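# Architecture and fold: a report
This is what each chain is made of:
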Amino acid sequence: MMKKIQYLIFAFTAMLILGCNSSPDKPTQIEANEPSTPFEDAPEWASEVVWYQIFVERFRNGDPTNDPTKIDIEGTYPGVIPENWAMTPWTHDWYKPNDWFSELEGAKDFGGWPIENFGQKAQLRRYGGDMQGVLDKINYLDSLGVTAVYFNPVNDAPSLHKYDARHWRHVDRTFGPDPKKDIATMAAETPDDPSTWQWTEADKMFLQVINEMHARGMKVILDFSWNHTGHTFWAWQDVLEKQQESKYADWYWIKNFDDPATPENEFEYRGWFGVHDLPEIRETEYHDHAEAIVPFDGQLYNSKVKEHIFNVSQRWLDPNNDGNPSDGVDGFRLDVAAELPFGFWRDYRKFVRDINPDAYLLGEVWWEVWPDKLLDPKPFVEGDIFDAPMNYRWYRAARHFFNAAPDEIPVTEFVAKLKQLGENLRKTTNYSMMNLMASHDSPRVLTSLFNKNKYKYNCTPFEGWEYKVHRPDEATYATLALMLAHQFTYIGSPHIWAGDEMGMWGGDDPSCRKPLTWPDMEFESETIGWDGNPRDLDEVGFNQTLFDFYRKVISIRNNNSVLTKGDIEFIKSDDDNKILAYSRFDNANEVIAVFNTSNETKEVSVPRKFEKAYADMLRNQPLSFGEEGLILEMPARSASILVSQ
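This write-up is about the structure you can find in this document. Keep in mind that this is a model prediction, so the values were computed, not measured.

### Topic: helix α5 (residues 179-187)
Residues of α5 that are buried include every one of Pro179, Asp182, Thr185 and Met186, and no others. Buried residues of α5 fall within an arc of 115° about the axis and therefore sit on the same side. For α5, the exposed residues lying more than 90 degrees away from the buried face are Lys180 and Ala187. Looking at the buried side of α5, the elements it contacts are β3 (155-156), β4 (167-171) and α6 (201-215).

Okay, structure coming up:
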């Protein structure tokens, strides 16, 4: 009881500090669970979920009446909008040029670079995905077995990706039912005064999405990048107009202000990795991340921008400010997290956990030096910053082994690598990892496995190198089955990039962001190559066989708690026969994952921990017993998941 009282006091104090927002119109709340998570630990639910990542613009167009117009995308990359720009049909052949592509010939982007390739031009495409589309497909997610959803940014923003926010505090106008009304609502507010903030129609619809997902037992986290804003962001626009006289001038890294006495424009600033339309938020100390990304201490330079970030976070954690966060998001995914100072992140964790002690904080901790060295996440997950990083390191290791990419490694080397990745981390961190194979920032998993290049290196064909972007071959699908059997039986929570379960393929951005291939739609075949020339035809559509396999491995995980909480022991590492097996177990139950990565059928024996019957839940084959334990026959390039009965 005392814990509950303290929790309510924390939430009420935060409400007084930040100011009260207007209460949104929304369905009845679900009662909050008693807070149970120690401050330094990940919430218990983080190890139990199956993640599904939604990129709203490409998820589903549920309401064509709110589709983006030229006005809505003003300020997006490349900075030029063709006169005859129009929405792209959802089922359009991906590489087939839009009619308006020709108007971009000879034009230059924000940075002064010629607009020449498909990747640049495709940034202007819009397909009309929205919150109604998400609402329409929650039952689909439920039927798949999804128990947590990670939303890419839903900020009001001109781009398709929404990391270039106009407003952090509002959902994109074109994601809701009435964009024009939402524009007027936002214009009537004072952006840095939360007492004036209202709920737009798009905001209300996102709150409905949260409520509907919570009603099905799904957790929801929301993506924000506190490292930068868009160049249409309200504070940045004030800086552009007033220069050094703007009260927001020191929110950003400004190198030089314009001198009105000269004809030249001397205004210079730092954009995220030099990107013109993503001006960076200023910290107390400048760190150049071009050579390497290194964790650093410090704070944001201006306390007002920090206060604004906290106001926005509180708005989505507890939308009606009643001290019960059950109506809000269950945490945040924090973009380019290693590029912001530890002092800020420590304060951020305290603030978020005071509002919701069971909130999950997931950091994008990725590259130290691209493309060879990934960051060690340890400094970020000691209990004072994040609960876990996105587990890119796991995927690179698993892809290396199961896909022989970029070369083949023995079973023992893979096992040693897995152990090394987790040995310096706390158990709560290892078990709450988000284990992802693909995302909006990397190739589709099928295409990643189809190519044998280094991880996340030369993953588009636009710069002239060889990269296969057509439909993968059957060997790739077999490798994906191995990877999925591993992903859904290993420690950490498995993640699905929306559309991978549908059998979608595509290289790195923009081709990992194709609109989803829903089964109720008829898609044009892919007949045009990335260079605009004809190529061999690939039929495009929903892959029911692959979907069913995803549903099977998800069901196995959701129905066996040892796969979320149990210990792990590697019980067979046979380099000669290319056999890997590990046990997930507790005091009463066991799941054994077995992999034959060779190109030959093998008879495999594995020890069991209990004198029980075991069933192969993946291949439904009969098992026999020998001196070493369970005996099974495994076809080439196959996996089995053995569950004690």
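### Brief notes about unusual backbone geometry
Following Tyr77, the chain continues to Pro78 via a peptide bond in cis, the omega torsion being 10°. Within the secondary structure, Pro78 sits in the loop between β1 (51-54) and α2 (118-121). Even without being a glycine, Arg637 presents a positive backbone phi close to 50°. Structurally, Arg637 is set in the loop between β23 (630-634) and β24 (638-644).

### Considerations on the packing of aromatic side chains
Applying the stated criterion across every chain, the model contains 58 aromatic pairs. With 5.9 Å between their ring centres and 70° between their planes, Tyr395 and Tyr455 make a pair best called edge-to-face. Here Tyr395, found in helix α10 (residues 392-403), pairs with Tyr455, found in the loop between α13 (445-450) and α14 (474-487); they are 60 residues apart in sequence, far enough to count as distant. Classification of Tyr395 by relative accessible area gives buried; the value is 2%. When its relative accessible area of 8% is taken as the criterion, Tyr455 is described as buried. A cation over an aromatic ring shows up here: Arg315 above the ring of Trp316, its NZ or CZ 5.8 Å from the ring centre. Here the guanidinium or amino end of Lys454 rests over the ring plane of Tyr457, the centre of that ring lying 5.6 Å away.

Reading the values: the criteria
- Residues numbered from 1 in each chain as written.
- Predicted model: local features only at pLDDT ≥ 70, side-chain atom pairs only at ≥ 80, totals over all residues.
- Heavy atoms only, no water.
- Buried < 20%, exposed > 50% of the residue type's maximum accessible area, 1.4 Å probe, protein only.
- Helix = DSSP H or I, 4+ residues; strand = E, 2+ residues; numbered from the N terminus.
- Arc of directions from axis to C-beta.
- Contact = heavy atoms within 4.5 Å.
- Phe/Tyr/Trp six-rings, centres within 6.5 Å; stacked < 30°, edge-to-face > 60°.
- Lys NZ or Arg CZ within 6 Å of the ring centre and 35° of its normal.

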